[in-house]
Amino acid sequence: MRFQISALTLMVATIPGTWATFQSASSPIVKSELIFEKGPFDSVHASTIVRTRDGLVAAWFAGTREGAPDVGIWTSRETKGVWSEPKEVATGVQADGVRHPCWNPVLFEMTPGVITLFYKVGPDPQRWWGMTRSSTDAGRTWSEAQRLPDGILGPIKNKPVRLADGTLISPASTESPEQPSRWRVHFERSSDDGKTWTVVQLPAPAGTPIDAIQPSILVHGAGRLQAVGRTRSERVFETWSADGGKTWSPMTLTVLPNPSAGTDAVTLADGRHLIVYNHTPRGRTPLNVAVSRDGKLWEAALVLENEPGEYSYPAVIQTPDGMVHATYTWRRLRIKHVVVDPRRLQTLPMPDGNWPATAGAPDVKR
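A short tour of the structure in this document, coming up.

Criteria and thresholds
Starting from 1, residues in each chain are numbered consecutively following that chain's sequence as written. It should be noted that, the model being predicted, local features are given only for residues of pLDDT at least 70 and side-chain atom pairs only at 80 or more, the latter also being counted only at that level, while totals for whole chains, interfaces and linings use all residues. Values shown for side chains rest on all heavy atoms present in the structure; no hydrogens or waters enter the calculation. Think of a 1 Å grid over just the protein atoms. A cavity is a set of points where a 1.4 Å probe fits yet cannot get out, a pocket is an open set with protein on both sides within 12 Å along at least five of seven lines, and lining residues have an atom within 4 Å of a point. Grid points are joined across faces, edges and corners, and a volume is the space filled by probe spheres set on the points. Amino acid classes used here: Ala, Val, Leu, Ile, Met, Phe, Trp, Tyr, Cys and Pro are nonpolar; Asp, Glu, Lys and Arg are charged; the rest, including Gly, are polar. Comment: elements are numbered from the N terminus, with helices defined as DSSP H or I runs of at least four residues and strands as E runs of at least two. Pairing between strands requires that DSSP locate at least two bridges from one strand to the other. When a residue's accessible area, from a 1.4 Å probe over protein chains only, is under 20% of the maximum for its type it is buried; when over 50% it is exposed; and in between it is partly exposed. Among the buried residues, those of types Ala, Val, Leu, Ile, Met, Phe, Trp, Tyr and Cys that are joined through side-chain atoms within 4.5 Å form a nonpolar core. Working definition: a ring pair exists when centres of Phe, Tyr or Trp rings (six-membered ring for Trp) sit within 6.5 Å. Plane angles under 30 degrees give stacked, over 60 give edge-to-face, the rest tilted. Remark: a charge is flagged as sitting over a ring if the NZ atom of Lys or the CZ atom of Arg is within 6 Å of the ring centre and within 35 degrees of the ring normal. One side-chain nitrogen of Lys or Arg within 4 Å of one carboxyl oxygen of Asp or Glu is enough to make a salt bridge.

### Some points on the layout of surface pockets
Okay, step 1: Put simply, the largest pocket is a space of about 620 Å³.
Okay, step 2: Around the largest pocket sit 21 residues that line it, and Phe108, Lys159, Val266, Ile317 and Gln318 are the ones nearest its centre.
Okay, step 3: Looking at side-chain class alone, the lining of the largest pocket contains 14 nonpolar, 3 polar and 4 charged residues.
Okay, step 4: Within this model, the second largest pocket holds a volume of roughly 290 Å³.
Okay, step 5: Counting only elements with at least two residues in the lining of the second largest pocket, the list comes to strand E9 (102-111), strand E10 (114-121), strand E11 (129-135) and strand E12 (146-147).
Okay, step 6: Top element by residues in the lining of the second largest pocket is E11. It accounts for 3 residues.
Okay, step 7: Across the lining of the second largest pocket, the residue classes break down as 5 nonpolar, 7 polar and 4 charged.

### Considerations on the sheet that holds E9
Okay, step 1: Overall, antiparallel pairing links the 4 strands, which are arranged E9-E10-E11-E12 in an open sheet. Pairing within the sheet leaves two strands with one partner each, and these edge strands are E9 and E12.
Okay, step 2: Pairing of E10 with E11 involves 7 bridges; the strand directions are antiparallel. Paired with Tyr119 across the two strands is Met131, which belongs to E11.

### As for the pairing of E11
Okay, step 1: Of all 7 residues making up E11, 6 are buried, and the element is well covered by its neighbours.
Okay, step 2: Two strands pair when backbone bridges link them, and E11 and E12 are joined in this way by 2 bridges, in the antiparallel orientation. Paired with Met131 across the two strands is Arg147, which belongs to E12.

### Let's talk about unusual backbone geometry
Okay, step 1: With an omega of -5°, the peptide bond between Gln179 and Pro180 qualifies as cis.
Okay, step 2: If you trace the backbone, Pro180 turns up in the loop between strand E14 (168-175) and strand E15 (183-190).
Okay, step 3: The amide bond that connects Thr285 to the next residue, Pro286, takes the cis arrangement and shows omega of 5°.
Okay, step 4: At Ala46, a residue that is not glycine, the phi angle is positive and equals roughly 60°.
Okay, step 5: Secondary-structure assignment places Ala46 in strand E4 (residues 43-52).
Okay, step 6: In the Ramachandran plot, Ala138 falls in the positive-phi region, its phi being about 60° despite a non-glycine side chain.

### Comments concerning the pairing of strand E24 (residues 298-305)
Okay, step 1: Of all the 8 residues making up E24, 7 are buried; the element is thus mostly covered by neighbouring parts of the structure.
Okay, step 2: Of the strand pairs in this sheet, strand E23 (residues 287-292) and E24 are connected by 6 bridges, and their pairing is antiparallel. Counterpart to Val289 in the pairing with E24 is Leu302.
Okay, step 3: Between E23 and E24, which pair antiparallel one after the other, the connecting turn spans 5 residues, and Gly295 there sits at a positive phi close to 80°.
Okay, step 4: Pairing analysis gives 2 bridges linking E24 to strand E28 (residues 348-349), with the strands arranged antiparallel. For Glu299, the partnering residue across the bridge sits in E28 and is Pro349.

### Some remarks on the nonpolar core
Okay, step 1: Leu274, Leu302 and Leu304 are the most contacted members of the largest nonpolar core, which totals 21 residues.
Okay, step 2: Elements supplying a minimum of two residues to this core: strand E3 (29-34), strand E22 (273-277), E23, E24, strand E25 (311-318), strand E26 (324-330) and strand E27 (334-340).
Okay, step 3: Among the elements that take part in this core, E26 stands out by supplying 4 residues, more than any other.
Okay, step 4: Counting 20 residues, the second largest nonpolar core, distinct from the first, contains Val57, Phe61, Ile115 and Met131.

### Some thoughts on the sheet that holds E22
Okay, step 1: Reading across the sheet, the 5 strands line up as E21-E22-E23-E24-E28 and stay open at both edges, with antiparallel pairing between neighbours. Both edges of this open sheet fall to strand E21 (264-267) and E28, since each of them pairs with a single strand only.
Okay, step 2: Relative to E23, E22 is paired through 5 bridges, and the arrangement is antiparallel. By the bridge assignment for E23, His273 is matched with Ser292.

### Comments concerning the packing of aromatic side chains
Okay, step 1: Inspection of the entire model under this criterion finds 6 aromatic pairs.
Okay, step 2: Ring geometry for Phe187 versus Trp248: centroids 4.1 Å apart, planes at 15°, classification stacked. With Phe187 in strand E15 and Trp248 in the loop between strand E19 (235-241) and strand E20 (252-257), this residue pair connects regions lying 61 residues apart in the sequence.
Okay, step 3: Of the residues examined, Phe187 reaches a relative accessible area of 0% and is grouped as buried.
Okay, step 4: Owing to a relative accessible area of 6%, Trp248 belongs among the buried residues under this scheme.
Okay, step 5: Through a chain of ring-to-ring contacts, the aromatic side chains of Phe36, Phe41, Trp60 and Trp74 assemble into a single cluster.
Okay, step 6: The ring centre of Trp183 lies 4.0 Å from the NZ or CZ of Arg232, which sits over that ring.

### Quick word on the pattern of salt bridges
Okay, step 1: Considering all chains together, one arrives at 18 salt bridges under this definition.
Okay, step 2: Between Glu305 and Lys336 there is a salt bridge, and its shortest N-O distance comes to 2.9 Å. One end of the pair, Glu305, is in strand E24; the other, Lys336, is in strand E27, and 31 residues separate them in sequence. With respect to burial, Glu305 and Lys336 carry one shared label: buried.
Okay, step 3: Between Arg332 and Glu310 there is a salt bridge, with the nearest N and O atoms lying 3.2 Å from each other. Placement of the pair is Arg332 in the loop between E26 and E27 and Glu310 in the loop between E24 and E25, with a sequence separation of 22 residues.
Okay, step 4: The buried category is assigned to Glu310, whose relative accessible area is 17%.

Here it is, written out as structure tokens:
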């Protein structure tokens, strides 16, 4: 199904060959742009975004193809509305000269002014390990790579959350080596700004386990947390904690469809929860935004993409000015950045998980 809503737009050049689209005052999409038009790589995927004191920083993995040894972690910095040229900041080169691919970067401000880049290195997701680098100058330069302790992977795809007491919770998951691989979600907690971590497993389900990975954490207050994410069951999963992430409920499925593709979610300053995901059981288009006040009843809010192709693996944050920033894979060729004003979102109920035909469609086609 295709949707079309007309809107007054203004397109301006940001860097040579790259255009940003600014929307009309009524559109929830404030800005839509490709972070780069061309790069020294053939394929890109799995972006992440963080706010720094100087602007935004985005990262992604890129190389010949996903899983190829030449895949590294690349970054770009946004300053005064302009994105810098992509720069490779991490590779999987080992001491013996062997080079493994890099995977799934996650940017997060661990302490004020210190940005940590979490990423994975290894021949495949069944055998990768966690790595970090840090930056004290808003992503201009990065420290030497450090390997996380055995058994600690770091955030697998989506950002950690920091609770009111300072506790960090990193959403993680594993993929077992046998075929078909078993997917299992877990969490890694730290009370000392990431110096040490403890692993929290989910309880065993009463029935058949749900194969799930790549959780995002939503904060409901009074110690209540919710995690949502990707499954092989054609629906987004959820699990809940009532004690700040020390224990979690057995995993269940929501009404939101999922084509076994990455999602991301964030709790907004006004208390609402926002998820970016592919609202389909198969394929990786369309790319949608849904909003909920309680994490249970989700309402259709926006369609970011609905053309043929792959639009996937979103990352989403909210900056202090209230704007929501999402980055995502655009046809495996580019990384797209969209700015959304959540105050302008007009939502429609979808209690049965079906997207309403009149819900918000993308205002811009590229």
